[in-house]
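Here are the chains, one letter per residue:
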Amino acid sequence: MKHIDFQDLILFEDEDYIVINKPPFLATLDERFGGANNILRMAREYANDVQACHRLDKETSGALALAKNPAAYRHLSMQFENREVDKLYHAVAWGVHHFDNLLVDRKIETTSKGKARLAFKGKPAETYFTTLEAFARHTLVQCVPVTGRMHQIRLHLMFLQAPIIGDGLYGGEDFYLSSLKRKFNVKEGEEEQPFIKRFALHARQLTFAKMDGERVTLEAPYPKDFRVLVDTLRQYQ
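Let me sum up the structure you'll find in this document.

What counts as what
- Residues numbered from 1 in each chain as written.
- Predicted model: local features only at pLDDT ≥ 70, side-chain atom pairs only at ≥ 80, totals over all residues.
- Heavy atoms only, no water.
- Helix = DSSP H or I, 4+ residues; strand = E, 2+ residues; numbered from the N terminus.
- Rg over C-alpha atoms; globule rule 2.2 N^0.38 Å.
- Buried < 20%, exposed > 50% of the residue type's maximum accessible area, 1.4 Å probe, protein only.
- Contact = heavy atoms within 4.5 Å.
- Areas by Shrake-Rupley, 256 points an atom, 1.4 Å probe, with all protein chains shown as cover.
- Lys, Arg positive; Asp, Glu negative; His and termini not counted.
- Charge placed at Lys NZ, Arg CZ, Asp CG, Glu CD.
- Phe/Tyr/Trp six-rings, centres within 6.5 Å; stacked < 30°, edge-to-face > 60°.
- Lys NZ or Arg CZ within 6 Å of the ring centre and 35° of its normal.
- Salt bridge = Lys/Arg side-chain N within 4 Å of Asp/Glu carboxyl O.
- Polar contact = N/O pair within 3.5 Å; in protein donor to acceptor, adjacent residues only side chain to side chain.
- Pairing = 2+ DSSP bridges.
- Arc of directions from axis to C-beta.
- Core = buried A, V, L, I, M, F, W, Y, C linked by side-chain atoms within 4.5 Å.

Focus: the overall build of the chain
Now for step 1: Within the chain, the secondary structure is distributed over 5 helices and 12 strands.
Now for step 2: The C-alpha radius of gyration computed for the chain amounts to 18 Å, which stays within 12% of the reference 18 Å derived for 237 residues, consistent with globular compactness.
Now for step 3: Taking the principal axes of its C-alpha atoms as reference, the chain extends roughly 55 × 45 × 35 Å.
Now for step 4: A total of 237 residues make up the chain; the buried ones form 48% of that total.
Now for step 5: Across the chain, contacts joining residues at least 24 apart in sequence account for 64% of those joining residues at least 6 apart.
Now for step 6: As displayed, the chain offers around 13000 Å² of accessible surface, 46% of which is attributable to carbon and sulfur atoms.
Now for step 7: For the chain, the distance from the average site of its 33 positive side-chain charges to the average site of its 32 negative ones is 5 Å.

The following block contains the structure:
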């Protein structure tokens, strides 16, 4: 992975909070194995007492909030606990779907293998889905989670038979350009690579109340891989 300057990721900063546009392939916190770089480690080189107020999956890009002091951390943590933080994601799903603020209300439980599943005895989980754009074989979907369960959006899209591109854990196959482009040729001796090398999920917006009570909405632009994927699919509507 190329060097990332933490300051280049910042979307918003005041005396209490930093909101960044997290790149894909970087964990939010320390992982169990190895000493790979992560967002919290980078943030603490920028400001000593930073804490992550929530987390995004390693492959997920987008808006991530960090607190610069304990009081700010408690303030935002309570908002997450009371479901007063508005989160909005964009996903590119397999299949052509026409969702209109469709609610999926399916309980989720975690397993011991870093995976989650839909389960009658799981914890309540709700997500609203709206189609933003439909392409030839895929759909750009807006996802608004009410709860914050592990892998919630990914599981609920799988339930809708709209798994996310590249999400092999939950039924989403890789996308290859050759599946749409008739005269696509791979160089001799080479193997075609997936168009995007992660699951196509991006935390697009985050809305919360600052310490003074004012609500702020931050929008995270698409990273290059997600943007190029969407632009390419638009050519095959």
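Comments concerning the packing of aromatic side chains
Now for step 1: If you walk through the whole model with that rule in mind, you get 5 aromatic pairs.
Now for step 2: On the basis of an interplanar angle of 70° and a centroid distance of 5.3 Å, the ring pair of Tyr 17 and Phe 208 is categorised as edge-to-face. Of this pair, Tyr 17 sits in strand 2 (residues 17-22) while Phe 208 sits in strand 11 (residues 201-209), and the two are 191 residues apart along the sequence.
Now for step 3: Residue classification places Tyr 17 among the buried positions, given a relative accessible area of 0%.
Now for step 4: Seen from their ring centres, Phe 99 and Phe 129 are 6.4 Å apart, and the 55° between their planes marks the pair as tilted. Here Phe 99, found in the loop between strand 5 (86-94) and strand 6 (102-105), pairs with Phe 129, found in strand 9 (residues 126-134); they are 30 residues apart in sequence, far enough to count as distant.
Now for step 5: Owing to a relative accessible area of 0%, Phe 129 belongs among the buried residues under this scheme.
Now for step 6: Above the face of the Phe 120 ring, Lys 107 is positioned so that its terminal group lies 5.7 Å from the ring centre.

Observations concerning the side chain of Asp 14
Now for step 1: Examined against the element boundaries, Asp 14 turns out to sit in the loop between strand 1 (10-13) and strand 2.
Now for step 2: With no salt bridge to any partner, buried Asp 14 finds its closest opposite charge in Lys 210, at an N-O distance of 4.7 Å.
Now for step 3: Of note is the side chain of Asp 14, whose polar atom sits 2.7 Å from the backbone nitrogen of Tyr 17.
Now for step 4: Contact partners of Asp 14, with chain neighbours within four places excluded, come to Lys 68 and Lys 210.

Side note on the pairing of strand 12 (residues 215-219)
Now for step 1: Every second residue of strand 12 is oriented toward a common face, the buried set being Val 216 and Leu 218 and the non-buried set Arg 215, Thr 217 and Glu 219.
Now for step 2: Here strand 11 pairs with strand 12 via 5 bridges, running antiparallel. Counted as the bridge partner of Thr 207 is Thr 217 from strand 12.
Now for step 3: Here strand 11 folds back onto strand 12, and the loop between the two strands holds 5 residues, one of which, Gly 213, carries a positive phi near 95°.

A word on helix 5 (residues 224-234)
Now for step 1: For helix 5, the full list of buried residues reads Phe 226, Leu 229, Val 230, Thr 232 and Leu 233. Looking straight down helix 5, one finds that the buried residues subtend no more than 165° of arc, so they occupy a single side.
Now for step 2: Considering only its buried residues, helix 5 is in contact with strand 5, strand 10 (138-145) and strand 11.

Remarks on the nonpolar core
Now for step 1: If you look at the biggest cluster of nonpolar residues, it comprises 46 residues, and the most contacted ones within it are Leu 66, Val 92, Phe 129 and Leu 157.
Now for step 2: Membership of the second largest hydrophobic core comes to 15 residues, among which are Ala 63, Ala 67, Val 85 and Leu 218.

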